[in-house]
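Read off the chains here:
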Amino acid sequence: MTDWLEDANSSKDYQSEILSFSTYFEKFQNNPEKELRSSCKYLLDMINYFGKDDNDLYNLFTLQQPDSPAVFGQQIPEKSIIENLINFLEEGINNKFILLVGPNGSSKSSIVKKIMKGAEIYSESEPGSLYSFSWIFPIENYVKGSLGLANYVPQDNLTTFAHLDDKDISAIIGSELKDHPILLIPKISRQKIINEVLSNNPQVLKYVQKSYLYRGDLSKKNKMIYDALLKNFKGNHQEVLKYIRVERIKISKRYSTSAVTIEPQIHLDARMQQISMDKRLASLPPSLQCLNLFSLQGEIVMANRGILEYSDLLKRPLDTYKYLLMTMETGTINIQGILTELDTFFIGTSNEIHLAAFKQHPDFNSFKGRFNFIKVPYLLNHLEEEKIYKEQVEGLKDKSVFEPHSLETLCLFSTMSRLRVCQSKNYSNKKLSNIVTGFNPLEKCLLLSKNILPEKLDIESKQILRHSIDEVRNEFKTENLYEGKFGLSPRDLKNIIYQLSSTYKRVTFIEIIDFLGKLILQKNDYDFLNMTPQGDFHNPVRFISLLKNHNLNIFDFELRESLGLVDNRSYEDYIKKYIENINAFIKGEKLKNKITGKFEECDVYFIKEFESSITLEEEAEKFRAHLISKLGAFALDNPKKEIKYSEVFPNLIQKLQESFRKEQKNLIQDISKNLVFYEAQIDAAQDSHTEKKRPSKNGQNLSQKEISQITAIISNLQKKFQYTREGAISILKYVIKERY
């Protein structure tokens, strides 16, 4: 026990949290840019404090913390919040209420939690230190005479009461609004000081001059105390500042310190209580006892110099937050006649249903000018969606194992449920219009998530689409029925994952497909199931069919990769030969034979054989011209790089490999049959609790070669694709049944 006590007692954190005003002023002079930050600048610095990742995304929002889950895929609303903070900095006031709007469970509150948690962590660091102050009134031993209106004789050897022990203090008056210590300096003198210390940094000076730190003043209670003491000390400011104890603020949502959430219950957000009659403050100097001092209370007061969140704001009666109109315009709030200046980042959340009702209210237009509405939709990127559940799935692995592609299948279904069919009227390019209106939900989802272009498109269509992905992504962004406004929510998916883990020890895509087949019958529980189908869109039955076929294709590929078959062709040389021949053919030139050294006609038979191998379906001349064009573009972009045809034309390799697999189809079918018999014999041996026998088919034992081949396949599926042994065998049986 003594170890932690010694460590805690030796910590210097406590000492650095209490300063005299003169010590704080030295700190201010050493780094005025840091000490003169308003709440918006502080939050911007906080976000930058956590840095960015390799994709230029802010790390703050993806930090994994027990009380603040990571937020994935919401870069657009996060960027909008940051842009608003920058606007507030330039305006000199937080003059807009940020309202995050979206369907239930779309990470609105999680985004606010990340900002609050980041502010908490940042305020613990040296770059994020914040300060306020309290008034310290010592017992009579420290002053001669009275601190009231009687004659005062200052003590020359005592310059501050900031570090007095409790036994030497008669009263402490805190600052509920956490007034900035720099506001203790009279406005004219303060402005002069700020102009001087920031003279070498005109950009920062411009921002500070617009803020309350330059043009504002102390809150009413602190101003009354300061003025009364100043009057008593005959205008001696230095004597007044003796009573100041500068204290470090540490932002904390738990303790409602500059990070507060107002729940939708009806109550007052700010109020005041008279403290002059408090017996505990009877020892105040007479010059203060005659003042009518009030203590401010409530969430708005506690959140000052930080973040104030209004959870589900629009659930409250409008009259309970009408005060925000004046607060956003002036940066002040009237608390029972006391006009109080605030430095608070106001942010709230609401779902789409309540926003729609709010828009029908006569006062909506008044609020519209003071609110910035930021959409927070469900994710349309299934890869980002997967990240939400990774930690949950990892935590369940002792109970249930999710095999490869199972979670991906679930996330694909959820994102497909949030998409709309592309509308030709929204595209000026007719070719692009024809391409995108032919998408099914899975193709659109894979395009938005992975930039994967549908295989059914020809080269020209792929090229058009490749340059128009953002246009597809933003098609419904400004419409009322935007993509991500409806569909399966992350909350529902988390519940589904728990249900699956409670039912199955191993969850493959087979169990996912089966579960989804039952889920889509529950139309009373999920609104998206009641939307009118438009082709394959809003059509859950088709979602499942598409996903089943998609997963069969993936595992079929993985199975073939695990068979150990080797294609002896050199793809690099094979493609190079084809490119050289079509280049000569297009130009009408001859090719030099590397063996004889003679120039010969290009090999037309080889060209046709190659194109047959890749199952070329489009016009050959157009296809050949595109390849030559692509090769030329690569050479221009990489003038010093040696051309590797496998890198320039990866699609050709994939098609050649597929050609090879088709040639080996009969062999794959034989192996698949052996796998079924192998699995059946193992099960029989285990069920009968007998000594394990060699697997057999038609009463005859499988050969050692067949057994070794099957064992190698299962091993490869485990090593290459991370399946469990049982999961691999289960899916193998399913694929054999469906495909072979």
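Residues numbered from 1 in each chain as written. Predicted model: local features only at pLDDT ≥ 70, side-chain atom pairs only at ≥ 80, totals over all residues. Heavy atoms only, no water.

Asks: Sorry, what's going on with the overall build of the protein chain here?
Replies: Counting secondary structure elements, the protein chain contains 34 helices and 21 strands. Here the protein chain holds 740 residues, and 50% of them are scored as buried. Long-range contacts, defined as pairs at least 24 residues apart, comprise 77% of the intrachain contacts of the protein chain with a sequence gap of at least 6. Counting every atom, the protein chain has about 37,500 Å² of accessible surface; 49% of that belongs to carbon and sulfur. (Helix = DSSP H or I, 4+ residues; strand = E, 2+ residues; numbered from the N terminus. Buried < 20%, exposed > 50% of the residue type's maximum accessible area, 1.4 Å probe, protein only. Contact = heavy atoms within 4.5 Å. Areas by Shrake-Rupley, 256 points an atom, 1.4 Å probe, with all protein chains shown as cover.)

Asks: How do you make sense of the pattern of salt bridges when you look at a structure like this?
Replies: Where charged atoms from two side chains of opposite charge come close, those side chains can pair. Under the criterion given, the structure shown has 38 salt bridges. Between Lys-250 and Glu-124 there is a salt bridge, with its nearest N and O atoms 3.3 Å apart. Linking Lys-250 in the loop between strand E7 (244-249) and strand E8 (259-262) with Glu-124 in helix H7 (residues 108-124), this pair joins segments that are 126 residues apart in sequence. Note on Lys-250: relative accessible area 25%, which makes it partly exposed. Note that Asp-319 and Lys-322 form a salt bridge whose closest N and O atoms lie 4.0 Å from each other. Ionic contacts of the salt-bridge type, sharing partners, join the residues Glu-17, Glu-124 and Lys-250 into one network. (Salt bridge = Lys/Arg side-chain N within 4 Å of Asp/Glu carboxyl O.)

Asks: When you look at helix H25 (residues 509-519) in this model, what are you seeing that I'm missing?
Replies: An α-helix turns once every 3.6 residues. As a result, residues three or four positions apart point the same way. Most of H25 sits out of view: 8 of its 11 residues are buried. If you check which residues of H25 are buried, you get Phe-509, Ile-510, Glu-511, Ile-512, Ile-513, Phe-515, Leu-516 and Leu-519. Check the buried side of H25 and you find it contacts helix H19 (406-416), helix H24 (490-503), strand E17 (506-507), helix H26 (540-562) and helix H34 (725-739).

Asks: In this structure, what is going on with helix H9 (residues 202-210)? I would like to understand it.
Replies: Along H9, the residues classified as buried are Leu-205, Tyr-207 and Val-208. What you see down the axis of H9 is that its buried residues fit within an arc of 165 degrees, all on one side. (Arc of directions from axis to C-beta.)

Asks: Could you clarify how one ought to interpret the packing of H19 against H24 in this entry?
Replies: The geometry of a pair of packed helices is captured by two quantities: the angle between their axes and the separation between those axes. In the contact formed by H19 and H24, the axes pass within 12 Å of each other and the chain directions differ by 145 degrees. By crossing handedness, the relation of H19 to H24 is classed as right-handed. Of the residues in H24, those in contact with Leu-407, Leu-410, Cys-411 and Ser-414 of H19 are Leu-493, Ile-496, Ile-497 and Leu-500. For the contact of H19 with H24, the per-class residue count stands at 7 nonpolar, 1 polar and no charged. (Axes fitted to C-alpha atoms, helices over the stretch in contact; angles between N-to-C directions. Left-handed = near helix turned anticlockwise from the far one by under 90°. Nonpolar A, V, L, I, M, F, W, Y, C, P; charged D, E, K, R; others polar.)

Asks: Could you clarify how one ought to interpret the sheet that holds E7 in this entry?
Replies: Two orientations exist for strands paired in a sheet by backbone hydrogen bonds: parallel and antiparallel. Read from one edge to the other, the open sheet built from 4 strands follows the order E1-E7-E3-E6, with strand pairing classed as antiparallel. Either end of the sheet is taken by a strand with one partner, and the two such strands are strand E1 (18-20) and strand E6 (169-173). Taken pair by pair, the neighbouring strands of this sheet meet at an average axis angle of 35 degrees, ignoring direction. Pairing of strand E3 (residues 130-138) with E7 involves 6 bridges; the strand directions are antiparallel. Within E7, the position partnered with Trp-135 by the bridge is Ile-244. Running over the sheet, helix H3 (residues 21-30) touches E1, E3 and E7 and is turned about 95 degrees from E1. (Pairing = 2+ DSSP bridges.)

Asks: What's the story with the environment of Phe-21 in this structure? I'm lost.
Replies: Mapped onto the elements of the fold, Phe-21 is located in helix H3. Given the relative accessible area of 8%, Phe-21 is considered buried. In this structure, the C-alpha to C-alpha distance between Phe-21 and Ile-244, residues 223 residues apart in sequence, is 6.2 Å. The contact partners of Phe-21, leaving out residues within four places of it in the chain, are Pro-181, Leu-184, Ile-185, Leu-241, Ile-244 and Val-246.

Asks: It is not clear to me how the pairing of strand E14 (residues 345-350) should be interpreted in this structure. Could you clarify?
Replies: In the case of a regular strand, side chains alternate between the two sheet surfaces. In terms of burial, E14 is a largely internal element, 6 of the 6 residues being buried. In E14, alternate side chains face the same way, and those of Phe-345, Ile-347 and Thr-349 on one face and Phe-346, Gly-348 and Ser-350 on the other are all buried. In this sheet, E14 lies alongside strand E2 (residues 97-101) in parallel orientation, the contact comprising 4 bridges. By the bridge assignment for E14, Ile-98 is matched with Ile-347. As paired elements, strand E11 (residues 307-310) and E14 share 4 bridges and run parallel to each other.

Asks: What should I look at first to understand the side chain of Ser-400 in this one?
Replies: Take Ser-400: it is sitting in the loop between helix H18 (382-395) and strand E16 (401-402). Engagement of the side chain of Ser-400 in a polar contact is seen with the backbone oxygen of Tyr-504, the distance being 2.7 Å. Beyond its immediate chain neighbours, meaning those up to four positions away, Ser-400 contacts Leu-500, Ser-501, Tyr-504, Lys-505, Arg-506 and Val-507. (Polar contact = N/O pair within 3.5 Å; in protein donor to acceptor, adjacent residues only side chain to side chain.)

Asks: How do you make sense of the sheet that holds E2 when you look at a structure like this?
Replies: Across the sheet, which stays open at both edges, the 5 strands sit in the order E8-E11-E14-E2-E15 with parallel pairing between neighbours. Edge positions in the sheet fall to E8 and strand E15 (371-375), since each has one partner strand and no second. On average, adjacent strands in this sheet sit at an angle of 20 degrees to one another, irrespective of strand direction. The pairing of E8 with E11 spans 4 bridges and is parallel. Within E11, the position partnered with Thr-261 by the bridge is Glu-309. Set on the sheet, helix H6 (residues 75-91) makes contact with E2, E14 and E15; between it and E15 the angle comes to about 160 degrees. In this fold H7 packs onto E2, E8, E11 and E14, with an angle of close to 160 degrees to the strand it touches most, E11.

Asks: Help me understand the nonpolar core in this model?
Replies: Taken as a class, soluble globular proteins show a tendency for nonpolar side chains to be buried jointly. Counting 75 residues, the largest nonpolar core has Phe-413, Leu-465 and Val-472 as its most contacted members. Apart from residues no more than four positions distant in its own chain, Leu-465 is found in contact with Leu-432, Ile-435, Val-436, Phe-439, Leu-447, Leu-453, Pro-454, Leu-457 and Val-472. If you look at the next biggest cluster of nonpolar residues, it comprises 45 residues, including Phe-25, Phe-137, Ile-173 and Leu-230. (Core = buried A, V, L, I, M, F, W, Y, C linked by side-chain atoms within 4.5 Å.)

Asks: Can you help me understand unusual backbone geometry in this one?
Replies: What is expected of a backbone is that most residues other than glycine have negative phi and most peptide bonds are trans. A positive phi angle, close to 55 degrees, is found at Lys-178, a residue other than glycine. Relative to the assigned elements, Lys-178 resides in the loop between E6 and helix H8 (187-197). Judged by its relative accessible area of 10%, Lys-178 falls in the buried class. Although it is not a glycine, Lys-234 adopts a positive phi angle of roughly 60 degrees. Secondary-structure assignment places Lys-234 in the loop between helix H11 (220-232) and helix H12 (237-241).

Asks: Even after reading the chapter, I still don't get the packing of aromatic side chains, so can you show me in this structure?
Replies: For any pair of aromatic rings, the description consists of the separation of the ring centres together with the inter-plane angle of the planes. In the structure shown here, the tally under the stated rule is 31 aromatic pairs. Taking 6.4 Å as the distance between ring centres and 55 degrees as the angle between the ring planes, the aromatic pair formed by Phe-88 and Phe-345 counts as tilted. Of this pair, Phe-88 sits in helix H6 while Phe-345 sits in strand E14, and the two are 257 residues apart along the sequence. You can call Phe-88 buried: its relative accessible area is 1%. Here Tyr-574 and Phe-610 contribute two aromatic rings whose centre-to-centre distance is 5.3 Å and whose plane-to-plane angle is 50 degrees, an arrangement assigned as tilted. (Phe/Tyr/Trp six-rings, centres within 6.5 Å; stacked < 30°, edge-to-face > 60°.)

Asks: It is not clear to me how a positive patch on the surface should be interpreted in this structure. Could you clarify?
Replies: On the surface, Lys-79, Lys-359, Lys-368, Lys-375 and Lys-477 cluster together into a positively charged patch. Tracing the backbone shows Lys-79 in helix H6. (Patch = residues over 30% accessible without salt bridge, like charges linked within 9 Å, V, L, I, M, F, W, Y side chains within 5 Å. Lys, Arg positive; Asp, Glu negative; His and termini not counted. Charge placed at Lys NZ, Arg CZ, Asp CG, Glu CD.)

Asks: Any chance you could explain a nonpolar patch on the surface here in plain terms?
Replies: A surface patch of nonpolar side chains, about 250 Å² in accessible area, is lined by Phe-585, Ile-586 and Val-604. By the secondary structure assignment, Val-604 is in helix H28 (residues 604-613). For Val-604, a relative accessible area of 34% corresponds to the partly exposed category.

Asks: Help me understand the side chain of Arg-420 in this model?
Replies: As for its position among the elements, Arg-420 is in the loop between H19 and helix H20 (430-436). Residue contacts for Arg-420: discarding those within four places in its chain leaves Lys-444, Phe-476, Glu-479, Leu-481, Glu-483, Phe-486, Phe-537 and His-538.

By themselves, these observations are geometric and do not establish any function.
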